[in-house]
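An overview of the molecular structure
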Amino acid sequence: MDPRSGVNLTWGSIHAGSAFNAIPSSGTLEGTLRCLDHDAWDRAERLLVELLADLVRPWGVEARVTHDRGVPPVSNSASSVAVLEAAVAGVLGRQYLDPTAQSLGGEDFAWYLEKVPGALARLGTRTPGGRTYDLHMGDLMIDERAIGIGAGVLASACVQRDLVPA
């Protein structure tokens, strides 16, 4: 696997046995397998199966993999990114453009981008100077003024889309 592919395997749940002083006869690991590009996403399951089999083979252990393929990587189209950048610059000013690196987070919007060109943008929701909250935590607090800003940027993007070259 190309090391620049950005493949991440995270074991989030591990269960084996019920006694601290006994080696269990079976166990279960559950996690997420995420990729930054489509080539890696297409190859990752086969590679995971092969690597786990190689890892347990010396101990005579069997590893069974059940892989529920999640969302694909987000693939923004360059023309759609240009439309969003023009909208942000027009509504807020260029100083508010903050390009970010691609994330290994799973994003359902990627399914839309498999069918039509588009772009995913992140909307800052932290109150300036305030605490940064994790989006998937129960104590999430957002500055609701961001909703109006996001709506304005999206409305501008609808108008801008014909003005930016494809």
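Residues numbered from 1 in each chain as written. Predicted model: local features only at pLDDT ≥ 70, side-chain atom pairs only at ≥ 80, totals over all residues. Heavy atoms only, no water.

The next thing to look at is the pattern of salt bridges. Taken as a whole and judged by the stated rule, the model has six salt bridges. A salt bridge links D54 to R57; the nearest nitrogen and oxygen atoms lie 2.7 Å apart. Between R145 and D143 there is a salt bridge, and its shortest N-O distance comes to 2.5 Å. You can call R145 exposed: its relative accessible area is 56%. (Salt bridge = Lys/Arg side-chain N within 4 Å of Asp/Glu carboxyl O. Buried < 20%, exposed > 50% of the residue type's maximum accessible area, 1.4 Å probe, protein only.)

This next bit is on the packing of helix α2 (residues 78-91) against helix α4 (residues 145-160). At a minimum axis separation of 8 Å, α2 and α4 run at an interaxial angle of 120°. Taken together, the axes of α2 and α4 are oblique relative to one another. Like other packed secondary-structure pairs, α2 and α4 cross with a definite hand, here right-handed. Counting all contacts with α2, which are made through V83, L84, A86, A87, V88 and V91, the residues of α4 involved are G152, V153, S156, A157 and Q160. The residue inventory of the contact of α2 with α4, partitioned by class, reads eight nonpolar, three polar and no charged. (Axes fitted to C-alpha atoms, helices over the stretch in contact; angles between N-to-C directions. Helix = DSSP H or I, 4+ residues; strand = E, 2+ residues; numbered from the N terminus. Parallel < 35°, antiparallel > 145°, perpendicular 65-115°, else oblique. Left-handed = near helix turned anticlockwise from the far one by under 90°. Contact = heavy atoms within 4.5 Å. Nonpolar A, V, L, I, M, F, W, Y, C, P; charged D, E, K, R; others polar.)

Coordinates in, geometry out; function isn't part of it.
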